[in-house]
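A structural walkthrough
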Amino acid sequence: MKVTDKDVAYVADLANLELTGEERAHMLRDLNSILEYVARLGELETDKVAPMAQVSDRYGKDKDNDELRQGSERFAYAIRDDVKDGLRKSLPHDVAMKNAPDTDGTFFEVPKVIER
Amino acid sequence: MIDAMTIDDVRTKIAERQTSATALARDCYTRIRKEDPEIGAFLTLCEERALAQAGRIDALAAAGKPLPLLAGVPIAIKDVMVTSGVRTTAGSKILENFIPPYDCTAVARLETAGAVVLGKLNCDEFAMGSSTENSAYRPVHNPRDKSRVPGGSSGGSAAAVAAEMAMATLGSDTGGSIRQPASFCGVVGLKPTYGRVSRYGLIAFASSLDHVGPFAKTVKEVALVLRTIAGRDPMDSTSAEVPVPDYVAELEKPVKGLKVGMAKEYFGAGLDAEVRAAVEGAIQKLAELGCEVVPVSLPHTEYAIPTYYIVATAEASANLARYDGVRYGFRAKANTLSEMYRQTRDGGFGMEVKRRIMLGTYALSAGYYDAYYLKAQKVRTLLTRDFDEAFKKVDVIAAPTCPTPAFKLGEKVNDPLAMYLADIYTVTANLAGIPGISVPCGENHEKLPIGLQLFARHFDEATLLCIAHAYERSR
């Protein structure tokens, strides 16, 4: 699988990046070189291997008995105390707005949203 | 002043009025102003906050009240951890003027324990890099040889301890970013177990791989800092409900009879001969201390880097989507919203960050998800099983931290793949979530430090620190 100019443009679009012509050329070269190296994962037979999304799957309650833990129970240990006991106070409005690049004091202001 | 002290001296010396927290902080700032222009470890100093905290400690001491564990200890924080009212940039232009409204839990716990936060430390942009040359502000120079990199991404954290500008620092480790710079700068760096230390307030890079951990000159000091920052935090749902032992007390346990695994996969092609000799010498020393050295195999190690760079970049592409110029950070001027997003991200992110967002977006995109992301997640299972098998036979695994000592600034900047391979011995611990430590174990012929890396079972930092401490004392 070779990455093409078209792929770079498509992926940049998905990632909300513009990239200069020079950056696109670098990207094309680098992505191909990295993905060529990554291709060695194909040497491994993994049809019967379960994917691992995160380490936390491996501990918590009944960590050695996956059958006991179904669905969201597996993450029971992870429920935030402040959610269990009622919500904590959220960030005050003025504090939340302090870093805003553009605001009318109440809302974040942005350029025109509807472009047609 | 701090060069002649260790963290456990500080509290006693302040309590006995031989020194004060204020004098220590001022001394550190004098040293930073003198040494740091050539090193570049600090991005922001927070003198007012530091002196206020030092004043509180000195008032306690003057009143003869008991001092907290880390009273007056001058520390500094990698600039990927948010600090209330103190600029936090993640080494990126996109957060150049970002003043966080809250504190990272690890920082808050250190301050509650009496530590004095001097400032924020330089790093690769969003912790993406292995040399700190990807900082949008300036590269960091290795205090041991200023023509060389300090490692990365927590290069500022390692350099600040090595140059004695702070007694301990916090870093983050997603693929080796604490252990590799610790090795390059000749200090101790620990990546705890996934879930051991809260990540609330850590600017996210790859959420299933990111860890917060300490740097210091000695294992005991690292143990003291870990004890303070470890443990469940209701603000981070991935922090584990697992009791925190007294790591300092555990240091003195006997190491005789502990089984030390040595995996041939960590001593293969690409390993520098002097690094190999130093690490083998360190393992020999562990044997002399009464440990039993046992060969183990971690057969999927060669697949760790490709697995890591797919998982890490996929997660990064999602985590960095939040930088859109709307709520905080840099915003480019544009006529429409979509132009604003693009121009903000184009102008705010550096090349390596863009490269990783592109790679991660590609790996997650329709048609490639199964081939790259799902495949990498499956190989992650295999890599983790390698450790599960090995830890049935041994208590710790010993390896080099890095294949080479510190390389020259500029040497690898134009070859991303070569830079990624600097992490070849460290990324496995992040994928499996096991704890890892780098301890100095010698120097090469150019006096460049070499690091011994030790891994242990999930949540067994106590054994890791104990054996690292025994080794350190035997040198």
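Just so we're clear, the structure is a prediction, and the values are computed from it rather than from any experiment.

This next bit is on the overall build of chain A. Each helix and strand counted, chain A has 4 helices and 0 strands in total. In chain A, the succession of helices and strands from N to C terminus is α-α-α-α. Taking all 116 residues of chain A together, the buried fraction comes to 14%.

Attention now moves to the environment of Leu364(B). Along the chain, Leu364(B) turns up in helix H12 (residues 351-364). C-alpha of Leu364(B) to C-alpha of Val311(B): the two residues are 53 residues apart in sequence and 9.7 Å apart in space.

A few words on the interface of chain A and chain B. Contacts between chain A and chain B engage 47 residues on the former and 56 residues on the latter. At the level of secondary structure, the elements contributing two or more residues to the side of chain A that touches chain B comprise helix H1 (5-14), helix H2 (21-38) and helix H3 (81-84) of chain A. Here the residues of the side of chain A that touches chain B sort into 30 nonpolar, 6 polar and 11 charged.

All names here are of chain B. Taking strand neighbours across the sheet as the criterion, the 11 strands line up as S1-S3-S2-S4-S6-S5-S10-S11-S9-S7-S8 in an open arrangement whose pairing is mixed. Each end of this open sheet is capped by a strand with a single partner; those strands are strand S1 (42-45) and strand S8 (292-296). Averaged over all pairs of adjacent strands, the angle between their axes in this sheet comes to 30°, without regard to strand direction. The pairing of S1 with strand S3 (residues 116-121) spans 3 bridges and is classified as antiparallel. Across the sheet, residue Phe-42 finds its bridge partner in S3, namely Leu-121. Contacting S1, strand S2 (74-78) and S3, helix H2 (residues 21-39) crosses the sheet at an angle of about 20° to S3.

Glancing now at the packing of H2(B) against helix H3 (residues 47-62) of chain B. Residues and elements named next belong to chain B. Relative orientation of the contacting elements H2 and H3 amounts to 155°, with a least axis distance of 7 Å. In terms of orientation, H2 and H3 fall into the roughly antiparallel class. Seen from H2, the contacting residues are Ala-21, Thr-22, Ala-25 and Tyr-29; seen from H3, they are Glu-47, Ala-50, Leu-51, Ala-54, Gly-55, Ile-57 and Asp-58. Looking at the contact of H2 with H3 residue by residue, the classes come out as 7 nonpolar, 2 polar and 2 charged.

Our focus in this paragraph is helix H16 (residues 461-474) of chain B. Residues and elements named next belong to chain B. The end-to-end C-alpha distance of H16, which contains 14 residues, comes to 20 Å, matching closely the 20 Å that a straight helix rising 1.5 Å per residue would cover. With 10 of its 14 residues buried, H16 lies for the most part within the structure. Glu-461, Ala-462, Leu-464, Leu-465, Cys-466, Ile-467, Ala-468, His-469, Ala-470 and Tyr-471 are the residues of H16 that are buried. Lining the buried residues of H16 we find helix H7 (219-229), helix H8 (247-250), helix H9 (273-288), strand S9 (396-400), strand S10 (436-443) and strand S11 (449-456).

In this model, chain A carries a mean pLDDT of 82, and residues with pLDDT of at least 70 account for 72%. Put simply, H3(A) is where chain A has its lowest mean pLDDT, 60, and H1(A) is where it has its highest, 96.

All names here are of chain B. Counting buried positions along S9 yields 5 of 5 residues, so the element is predominantly enclosed. Here strand S7 (residues 259-263) pairs with S9 via 3 bridges, running parallel. Bridge pairing links Met-262 to Ala-398 in S9. Pairing of S9 with S11, which is carried by 5 bridges, proceeds in the antiparallel orientation. Bridging from a neighbouring strand, Val-396 pairs with Ala-456 of S11.

Rules behind the numbers
- Residues numbered from 1 in each chain as written.
- Chains lettered and ligands numbered in written order.
- Predicted model: local features only at pLDDT ≥ 70, side-chain atom pairs only at ≥ 80, totals over all residues.
- Helix = DSSP H or I, 4+ residues; strand = E, 2+ residues; numbered from the N terminus.
- Buried ≥ 20, exposed ≤ 12 C-beta atoms within 10 Å, placed from the backbone.
- Contact = placed C-beta atoms within 7 Å.
- Nonpolar A, V, L, I, M, F, W, Y, C, P; charged D, E, K, R; others polar.
- Pairing = 2+ DSSP bridges.
- Axes fitted to C-alpha atoms, helices over the stretch in contact; angles between N-to-C directions.
- Parallel < 35°, antiparallel > 145°, perpendicular 65-115°, else oblique.
- Expected span 1.5 Å × (residues − 1).
- pLDDT = per-residue confidence, 0-100.

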